[in-house]
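Structural features, examined
Chain by chain, the residues run as shown.
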Amino acid sequence: MGGPVCENSLICRLEKVMKKYIFKRLLASIVVLIGVSIIAFVLVRLGGGDPARMMAGDTATEAEVEEMRIRMGLDKSWPEQYVTYIKGVLKGDLGYSWNYSMEVTTLLATRLPQTLILSLFGFCWACLFSVIFGMVAGIKQGTIVDFGAMMFAVIGQSMSTVWLGFLLILVFGVKLGWLPIQGMGSLKHIIMPGLCVGFGYAASQTRLMRSSIVDVMREDYVTAARARGISKGVTYMKYAFRNALLPIVTSIGVQFGTLFAGAVVVENIFNWPGMGALLTQSIGARDYQLVQSILLISSVTLVCSNFLADLLYTVVDPRISFR
Amino acid sequence: MKISTLLRKMRKSKLFMIGFFMLFAITVSCFTSRWWVQWDSQVSDLMSRLGAPDWFANGLSGHPFGADPLGRDILSRLFEGGWVSLKITFLVTLSSMILGSVVGLIAGYYGGWVDMVLMRLCDILSSIPQLMLAICVVAILGTNMFNLIFTMSVTGWVSTARLVRAAVFGCKNKEFVSASKVMGASGFRILWKEIFPNTITPLMISASGHFGGTILLETSLSYLGMGVPVPVPSWGNMISDGRSYITSAPWVVIVPGIALMMTVLAFNFIGDGVRDILDPKNIN
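Residues numbered from 1 in each chain as written. Chains lettered and ligands numbered in written order. Predicted model: local features only at pLDDT ≥ 70, side-chain atom pairs only at ≥ 80, totals over all residues. Heavy atoms only, no water.

1. Considerations on the overall build of chain B
Quick reminder of the rule: Counting from the N terminus, the helices are DSSP H or I runs at least four residues long and the strands are E runs at least two residues long. Only protein chains enter the accessibility calculation, which uses a 1.4 Å probe; a residue is then buried when its area is under 20% of its type maximum, exposed when over 50%, and partly exposed in between. Under the convention used here, a 1.4 Å probe and the Shrake-Rupley method define accessible areas, while residue burial counts only the protein chains that appear. His is not counted, nor are the chain ends, whereas Lys and Arg count as positive and Asp and Glu as negative. Charged groups are reduced to one reference atom each: NZ for lysine, CZ for arginine, CG for aspartic acid, CD for glutamic acid.
Tallying secondary structure elements over chain B gives twelve helices and zero strands in all. Starting at the N terminus and ending at the C terminus, chain B contains elements arranged as α-α-α-α-α-α-α-α-α-α-α-α. Seen along its three principal axes, the alpha-carbon backbone of chain B occupies a region of about 75 × 45 × 30 Å. The burial tally for chain B puts 55% of its 284 residues in the buried class. Per element, the accessible surface of chain B, about 13100 Å² overall, is 67% carbon and sulfur. Here chain B contributes 22 positive and 15 negative side-chain charges, whose respective centroids are spaced 12 Å apart.

2. Points about the overall build of chain A
So the rule is basically this: Contact definition: two residues touch when any of their heavy atoms are within 4.5 Å.
Within chain A, the regular secondary structure consists of 13 helices and two strands. The C-alpha extent of chain A, read off along each of the three principal axes, is 85 × 65 × 30 Å. Counting all 323 residues of chain A, 48% fall into the buried class. For chain A, contacts bridging at least 24 residues in sequence account for 73% of all contacts bridging at least 6. For chain A, the accessible area works out to roughly 15800 Å², and carbon and sulfur atoms hold 67% of it. With 28 positive and 20 negative side-chain charges, chain A shows a spacing of 15 Å between the two charge centroids.

3. Some details on the confidence of the model for chain B
Close inspection of predicted coordinates is inappropriate in any region flagged by low pLDDT. All names here are of chain B. The criterion, for reference: Values of pLDDT, the confidence the predictor places in each residue, fall between 0 and 100.
Confidence in the prediction of chain B, expressed as mean pLDDT, is 84, and 95% of residues score 70 or more. Confidence, expressed as mean pLDDT per element, reaches its minimum in chain B at helix H1 (residues 3-12) with 82 and its maximum at helix H3 (residues 74-110) with 90. This complex was scored by the predictor with a pTM of 0.84 and an ipTM of 0.85.

4. Thoughts on unusual backbone geometry
All names here are of chain A. In this structure, Asn271 is a non-glycine residue whose phi angle is positive, near 50 degrees. Here Asn271 shows up in the loop between helix H11 (246-269) and helix H12 (275-284). For Asn271, a relative accessible area of 43% gives the class partly exposed.

5. Remarks on the interface of chain B and chain A
Which entries qualify depends on this criterion: Two parts lose some accessible area (1.4 Å probe) when they are put together, and adding that loss for both gives the buried area. The term salt bridge refers to a pairing of a side-chain nitrogen on Lys or Arg with a carboxyl oxygen on Asp or Glu at a separation within 4 Å. Polar contact is the term for a pair of N or O atoms within 3.5 Å; when the atoms are in protein, one must be able to donate a hydrogen and the other to accept it, and sequence-neighboring residues count only if both atoms are side-chain atoms.
Between chain B and chain A, the contact holds 39 residues from the first and 41 residues from the second. Between chain B and chain A, roughly 3400 Å² of surface is buried when both sides are summed, and carbon and sulfur atoms account for 81% of that area. A per-residue breakdown of the area chain B buries against chain A is headed by Met132, Ile140 and Met261 of chain B, which together make up 17% of the total. For the pair chain B and chain A, the interface holds one salt bridge. Measuring nitrogen to oxygen at the nearest pair gives 2.9 Å for the salt bridge that ties Arg207 of chain A to Asp272 of chain B. Applying the counting criterion to the chain B and chain A interface returns four residue pairs in polar contact (both at pLDDT 80 or more).

6. A short note on helix H13 (residues 288-316) of chain A
Counted only if it meets this: Expected span of a helix, by definition, is 1.5 Å for each gap between consecutive residues, and there is one gap fewer than residues.
Counted at 1.5 Å a residue, the expected span for H13 of chain A with its 29 residues is 42 Å, and the 42 Å between its end C-alpha atoms agrees. Within H13 of chain A, 23 of the 29 residues are buried, leaving the element largely enclosed by the surrounding structure.

7. Digging into the packing of H3 of chain B against helix H9 (residues 187-195) of chain B
Residues and elements named next belong to chain B. Quick reminder of the rule: Fitted lines through C-alpha atoms serve as axes, helices being fitted only where they are in contact, and the angles separating the N-to-C directions of these axes extend from 0 to 180 degrees. The scheme is simple: roughly parallel for angles under 35 degrees, roughly antiparallel for over 145, roughly perpendicular for 65 to 115, oblique for anything else. Should the near helix be turned counterclockwise from the far one by less than a right angle, the crossing is left-handed, whereas a clockwise turn marks it as right-handed.
Across the interface, H3 lies against H9 with an axial gap of 11 Å and an inter-helix angle of 110 degrees. Classified by the interaxial angle, the pair formed by H3 and H9 is roughly perpendicular. Seen from above, H3 lies across H9 with right-handed handedness. On H9, the residues that touch Leu105, Tyr109 and Tyr110 of H3 are Gly187, Ile190, Leu191 and Ile195.

8. Comments concerning the pattern of salt bridges
A pair can form between side chains of opposite charge whenever their charged atoms are brought close. Inspection of the entire model under this criterion finds seven salt bridges over all chains. Across the pair Arg218 of chain A and Asp215 of chain A runs a salt bridge whose closest N-O atoms are separated by 3.8 Å. Accessibility expressed as a relative area gives 62% for Arg218 of chain A, which makes it exposed. A salt bridge links Asp123 of chain B to Arg120 of chain B; the nearest nitrogen and oxygen atoms lie 3.0 Å apart. Remark: Arg120 of chain B and Asp123 of chain B occur in helix H4 (residues 112-126); sequence separation between them is three residues, near one turn of the helix. Residue class for Asp123 of chain B comes out partly exposed when judged on its relative accessible area of 22%. With relative accessibility at 32%, the residue Arg120 of chain B sits in the partly exposed group. One network of salt bridges, in which partners are shared, links Arg207 of chain A together with Asp272 and Arg275 of chain B.

9. A short note on the nonpolar core
Nonpolar side chains in soluble globular proteins tend to end up buried together. Rule in force here: To define a nonpolar core, start from buried Ala, Val, Leu, Ile, Met, Phe, Trp, Tyr and Cys residues and group those joined through side-chain atoms within 4.5 Å.
Leu108 of chain A together with Ile135 and Leu221 of chain B are the most contacted members of the largest nonpolar core, which has 138 residues in total. When residues in this core are grouped by element, the largest group, 16 residues, is from helix H12 (residues 251-278) of chain B. The residues touching Leu108 of chain A, leaving out its near neighbours within four places in the chain, are Leu94, Pro113, Met275, Leu278, Leu290, Ser293, Ile294 and Ile297 of chain A. Formed by 15 residues, the second largest nonpolar core is a distinct cluster that contains Ile213, Val222, Ala240 and Leu245 of chain A.

Structure representation (structure tokens):
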């Protein structure tokens, strides 16, 4: 009696889920992120090497190094440094990168979007491609398309990203000369690194989608729909497709994180000016603030994508609700 | 499941057998290569720098797969590097499994705050991408073989711990555990003798899926200069070192890449086979 009018509408369902669920998840996420920030903070400091000495230069006297240490805030104890760092993070200030002589926030503001663009491009093509290819393969079992999909899945999952990158450079960059082999600028620049970032994901998802469609097609409701005289196309799209999508959606969150991290390597291969390239450079230079901020931001991205995937899951599957 | 039933199921699984024989062939040829290859994998011969493959025209005394930028025979490096890569993969998988099952067993059995703390630790570790964490840890420890193995193990046990914990939850309230408790067995004994055998299935599934990912991770780390240090060859550093010669001598990169792909393929086949055999969902 007197329930919401829009009992079954998508937005309403989402709202109901969100009220209870978001709060719990936010709390858990905050705990996780605090943990990550501590691990990142300690990790970079365990590394040995003296950043103050590095900044001051080889010829600097002890006094100069000490002065540099005070300027960098490294003379304080670890807990004090951590509190200062976290206070800054809460205000949106990620510290100062001594190696690049600029604010970490400013630096990441130019780099993070590049990594996100690259990962999202890889993610989107992989999702679209695998869902379509997997579905066609699942529907047309035993045909050449099915065989092609399986081959793609098996080989794609076994390829090293580095090797794939080199092969792409060799074939499309050097032999055919179609695509630029490094840097960014035009749409052409993103094709090879994007392919590389999403390849493994596309392979595993194609396989998942195929087996999922094969399972769903055996279900009674698909047979029932066909028996009621509903056309093949409508049955596939309305009944099979949506149900087959569930396992894909479940893995999206984790997979996006893996893909995002995989971009570290791809960025280095194609000289893509993103966060991954920055990470490898800054670790060598013992750029504490930058490294710990990159780690923190990566896990924020991961936590957010997991969270969004969970919400998406409730939208796709009305049987599931979070309490 | 009895050992004989398991072996019969394994023999019947095509995927598992294909993977098994591929891996067997690769492992044996890598291991025995030290006795039959003609070149030392670490000695360079500048006369044959970037020499093209002669595809066994001169038998093993030529360079069947060509020579690398320092004139070292790629065939010799391929097999020795393969042995290094396989050893690393095996050790990393083994130690991640041990670490993962210890954490999973303790968290699952003791429950309460122990479980809470360990699982939050898992949450934290799994929300830092493994590759990024590995890069940082290797950078801290320095690049050598031991550190590489340590890093990949320390960053790769979380999913195993979760699986084992779930398996422990499934059996810790069963009668045989209570019986053991009543008879006065210690916590360690119950965990080891009663509960651990019941976590073997998820552990094997997890391990079989772990191998392929580990080899690929080693390649990525190698590319970033954090893999097996030169001059010891590994497939990862052979591929990475060929970068500058990809246009003039593509075989330097292509040959180890294919070997790596075949190996990961074999591991994936075995992994799928093991899952088919052991997963209760695939019982029919």
